[in-house]
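Spelled out from the first residue to the last, the chains are:
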Amino acid sequence: MFDENNIQGQGVYKWSDGREYDGLWMNNKMEGSGVFTWADGRRYEGEYTDDKKEGKGIFYWPDGRKYDGGWLNGKQHGIGTYTSASGKTKQGEWQEGKRLHWLSN
């Protein structure tokens, strides 16, 4: 996993505050597919580019909510599906982490 003192390839990194990343690394950065978990129960499963969520991914909140869709520069971006804590789903469009509008009920 280490190549000339750089994290490379598949591996798990654990921070002292309880965060953990299990996935692909390139030059000490998250790159490719991986799973990032926080100590409070939040979890992201998806793609990374240059240490940021980018591409397709699913973000889970501890209360049961989730977002399944596009990511750009670490933020929700493009078309995605939001699931509420009660299990209701809505499709919407996001830009730079902000929902622009719902596409369906």
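It should be emphasised that the depicted structure is a prediction, and the values quoted were computed from it without experimental measurement.

(A) The side chain of Lys53, seen in detail. Along the chain, Lys53 turns up in strand E7 (residues 52-60). Put simply, Lys53 is tucked away with no salt bridge, and the nearest opposite charge, on Asp51, sits 10 Å away. Non-local contacts of Lys53, meaning those with residues more than four positions away in its chain, are made with Trp38, Tyr44, Glu47, Tyr48, Phe59, Trp71, Leu72, Asn73, Gly74 and Lys75.

(B) Just the environment of Glu31, in detail. Inspection of the secondary structure assignment puts Glu31 in strand E5 (residues 29-37). Given the relative accessible area of 25%, Glu31 is considered partly exposed. Each C-alpha atom, one on Glu31 and one on Lys56, is 13 Å from the other, the two residues being 25 residues apart in sequence. With residues near it in sequence (within four places) discarded, Glu31 still touches Tyr21, Leu24, Trp25, Met26, Tyr48, Thr49 and Asp50. A distance of 2.7 Å separates a polar side-chain atom of Glu31 from the backbone nitrogen of Asp50.

(C) Region of interest: the nonpolar core. By size, the foremost hydrophobic cluster in this structure holds 12 residues: Ile7, Tyr21, Trp25, Met30, Phe36, Trp38, Tyr44, Tyr48, Phe59, Tyr67, Trp71 and Trp94. Of all elements in the fold, only strand E4 (20-26), E5, strand E6 (43-49) and strand E8 (66-72) reach the threshold of two or more residues within this core. Leave out the neighbours within four places in its chain, and Tyr48 touches Tyr21, Met30, Glu31, Gly32, Gly34, Phe36, Lys53 and Glu54.

(D) Fine view of unusual backbone geometry. At Asp50, a position not held by glycine, the phi torsion is positive, near 55 degrees. The class for Asp50 is partly exposed, based on a relative accessible area of 41%.

(E) Quick peek at the packing of aromatic side chains. In total, this model carries 16 aromatic pairs according to the counting rule given. Ring centres of Tyr67 and Trp71 lie 5.4 Å apart, and the angle between their planes is 85 degrees; this geometry places the pair in the edge-to-face category. Neither Tyr67 nor Trp71 differs from the other in exposure class; each is buried. Taking the centre distance of 4.8 Å and the plane angle of 75 degrees together, the rings of Tyr67 and Trp94 count as edge-to-face. On the criterion of sequence distance, the pair formed by Tyr67 in strand E8 and Trp94 in strand E10 (residues 89-95) is long-range, its members being 27 residues apart. With relative accessibility at 7%, the residue Trp94 sits in the buried group. Directly above the aromatic system of Tyr44 lies the positively charged group of Lys53, at a separation of 5.7 Å from the ring centroid.

(F) Seen up close, the pairing of E7. Alignment of E6 against E7, held across six bridges, turns out to be antiparallel. Pairing of Arg43 across the sheet is with Tyr60, part of E7. In this antiparallel pair of consecutive strands, E6 and E7, the connection spans two residues, and Asp50 shows a positive phi of 55 degrees. When E7 meets E8, the two strands line up antiparallel, connected through six bridges. By the bridge assignment for E8, Gly57 is matched with Gly69. What sits between E7 and E8 in their antiparallel hairpin is a turn of five residues, with Gly64 showing a positive phi close to 105 degrees.

Parameters and conventions
Residues numbered from 1 in each chain as written. Predicted model: local features only at pLDDT ≥ 70, side-chain atom pairs only at ≥ 80, totals over all residues. Heavy atoms only, no water. Helix = DSSP H or I, 4+ residues; strand = E, 2+ residues; numbered from the N terminus. Buried < 20%, exposed > 50% of the residue type's maximum accessible area, 1.4 Å probe, protein only. Lys, Arg positive; Asp, Glu negative; His and termini not counted. Salt bridge = Lys/Arg side-chain N within 4 Å of Asp/Glu carboxyl O. Contact = heavy atoms within 4.5 Å. Polar contact = N/O pair within 3.5 Å; in protein donor to acceptor, adjacent residues only side chain to side chain. Core = buried A, V, L, I, M, F, W, Y, C linked by side-chain atoms within 4.5 Å. Phe/Tyr/Trp six-rings, centres within 6.5 Å; stacked < 30°, edge-to-face > 60°. Lys NZ or Arg CZ within 6 Å of the ring centre and 35° of its normal. Pairing = 2+ DSSP bridges.

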